[in-house]
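If you want the building blocks of each chain, they are given just below.
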Amino acid sequence: MQNTIDMSEKSKAGCCCSGDECHGSSEPEKRLGWDEYFMSVAQLISRRATCTRGHIGAVIVRDHSILSTGYNGAPSGLPHCNDSNCRIYRSTHPDGTVEENCVNTIHAEINAIAQAAKHGVSIQDSDIYITASPCIHCLKVLINVGIKTIYYLKPYKIEHIAELIRLSGIKLVQVPMVETPPG
Ligand SMILES: [Zn+2]
Ligand SMILES: [Zn+2]
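Residues numbered from 1 in each chain as written. Chains lettered and ligands numbered in written order. Predicted model: local features only at pLDDT ≥ 70, side-chain atom pairs only at ≥ 80, totals over all residues.

Asks: Can you explain the overall build of the protein? Please cite residues and give values.
Replies: In terms of helices and strands, the protein carries five helices and seven strands. By residue count, 27% of the 183 residues in the protein fall in the buried class. Taking all contacts inside the protein whose residues are at least 6 apart in sequence as the whole, residues at least 24 apart take part in 50%. (Helix = DSSP H or I, 4+ residues; strand = E, 2+ residues; numbered from the N terminus. Buried ≥ 20, exposed ≤ 12 C-beta atoms within 10 Å, placed from the backbone. Contact = placed C-beta atoms within 7 Å.)

Below is the structure:
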């Protein structure tokens, strides 16, 4: 009968699967927003980081395209940090708080800028996604290369950069990430 509606087919409307592989769900999978998309990439990149102090990833983006990426680690060809050679230095911020950094490594944001410079990619008027808010030293460089907005996942000593953020006009935005179920 030509007018009979096959309900099993109708139930697959909106499903990304087809044929025998269809799981039968009529709920379309939630699509990642741009911020979650680029921050997810930054999180993945952070897994390449080598300093035992922390793993940070950065992605420089303009017009929804990735221009450059970076993670924190030793300069190319030099020994990576490990438990025995990660060398920590301490610096005192004007507010009296002590900050610890590793002398061996380049921060993720600077490595992303270095990668762009190496390949001749202009990053003026771009945005950066970082898995942690930048330290004050990286922030100064981000300002000078023309980054418009810094998107970050976890706050890191925001109080140290608050004044520079305000004076420079660069935007600092935290991206709330939603845990996505596996599969
Ligand atoms: Zn280190
Ligand atoms: Zn930094």
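Read on for the rest.
Asks: Describe the nonpolar core, and please don't skip the residues or the numbers.
Replies: If you look at the biggest cluster of nonpolar residues, it comprises 33 residues, and the most contacted ones within it are Ala42, Ala58, Val59, Ile128, Tyr129 and Ile130. At the level of secondary structure, the elements contributing two or more residues to this core comprise helix 2 (34-46), strand 1 (57-62), helix 3 (108-118), strand 5 (127-132), helix 4 (136-144) and strand 6 (149-154). (Core = buried A, V, L, I, M, F, W, Y, C linked by C-beta atoms within 7 Å.)

Asks: Got a sec to walk through the packing of helix 4 against helix 5 (residues 158-168)? Specific residues and values, please.
Replies: Relative orientation of the contacting elements helix 4 and helix 5 amounts to 15°, with a least axis distance of 10 Å. By the angle class used here, helix 4 and helix 5 are roughly parallel. In the packing of helix 4 onto helix 5, the handedness of the crossing is right-handed. Residues Ile136, Leu139 and Ile143 of helix 4 lie in contact with helix 5, whose contacting residues are His160, Ile161, Leu164 and Ser168. Here the residues of the contact of helix 4 with helix 5 are counted per class, giving five nonpolar, two polar and no charged. (Axes fitted to C-alpha atoms, helices over the stretch in contact; angles between N-to-C directions. Parallel < 35°, antiparallel > 145°, perpendicular 65-115°, else oblique. Left-handed = near helix turned anticlockwise from the far one by under 90°. Nonpolar A, V, L, I, M, F, W, Y, C, P; charged D, E, K, R; others polar.)

Asks: Describe unusual backbone geometry, and please don't skip the residues or the numbers.
Replies: Not every positive phi belongs to a glycine, and Asp63 is a case in point at roughly 50°. Summarising the element assignment, Asp63 is placed in the loop between strand 1 and strand 2 (65-71). Residue Asp63 is classed as exposed on the basis of its C-beta count, with 8 C-beta atoms lying within 10 Å. The backbone of Lys157 sits at a positive phi, close to 45°, despite the residue not being glycine. Assignment of secondary structure puts Lys157 in the loop between strand 6 and helix 5.

Asks: Explain helix 2 to me, and be specific about the residues and the numbers.
Replies: Between its first and last C-alpha, helix 2 extends 18 Å over 13 residues, near the 18 Å set by a 1.5 Å rise per residue. Where helix 2 is concerned, the buried positions are Phe38, Met39, Ala42, Ile45 and Ser46. Angularly, the buried residues of helix 2 cover 115° about the axis, an arc narrow enough to put them on a single face. In the core, the buried residues of helix 2 are packed alongside strand 1, strand 2, strand 5 and strand 6. (Expected span 1.5 Å × (residues − 1). Arc of directions from axis to C-beta.)

Asks: Could you give an account of the sheet that holds strand 7 (residues 171-174), with specific residues and numbers?
Replies: Spatial ordering of the open sheet is given by 2-1-5-6-7, a layout of five strands whose pairing is mixed. The outermost strands of the open sheet, each flanked by one partner alone, are strand 2 and strand 7. Adjacent strand axes in the sheet meet at a mean angle of 20°, parallel and antiparallel pairs treated alike. One ladder, built from five bridges, connects strand 5 with strand 6; its direction is parallel. Directly across from Tyr129, in strand 6, lies its bridge partner Tyr151. In this fold helix 2 packs onto strand 1, strand 2, strand 5 and strand 6, with an angle of close to 145° to the strand it touches most, strand 1. Each of strand 1, strand 2 and strand 5 touches helix 3; the most contacted strand, strand 2, lies at about 125° to it. (Pairing = 2+ DSSP bridges.)

Asks: How would you summarise the pairing of strand 2 if you had to cite specific residues and measurements?
Replies: With six bridges joining them, strand 1 and strand 2 adopt antiparallel strand pairing. From the neighbouring strand, Ile60 faces strand 2, where its bridge partner is Ser68. Counted between consecutive antiparallel strands, the loop separating strand 1 from strand 2 contains two residues, among which Asp63 sits at a positive phi close to 50°.

Asks: Give a detailed account of the environment of Thr131, specifying residues and quantitative values.
Replies: Following the sequence through the fold, Thr131 ends up in strand 5. Ignoring sequence-local partners within four residues, the contact set of Thr131 consists of Ala42, Gln43, Ser46, Ile56, Gly57, Leu153 and Lys154.

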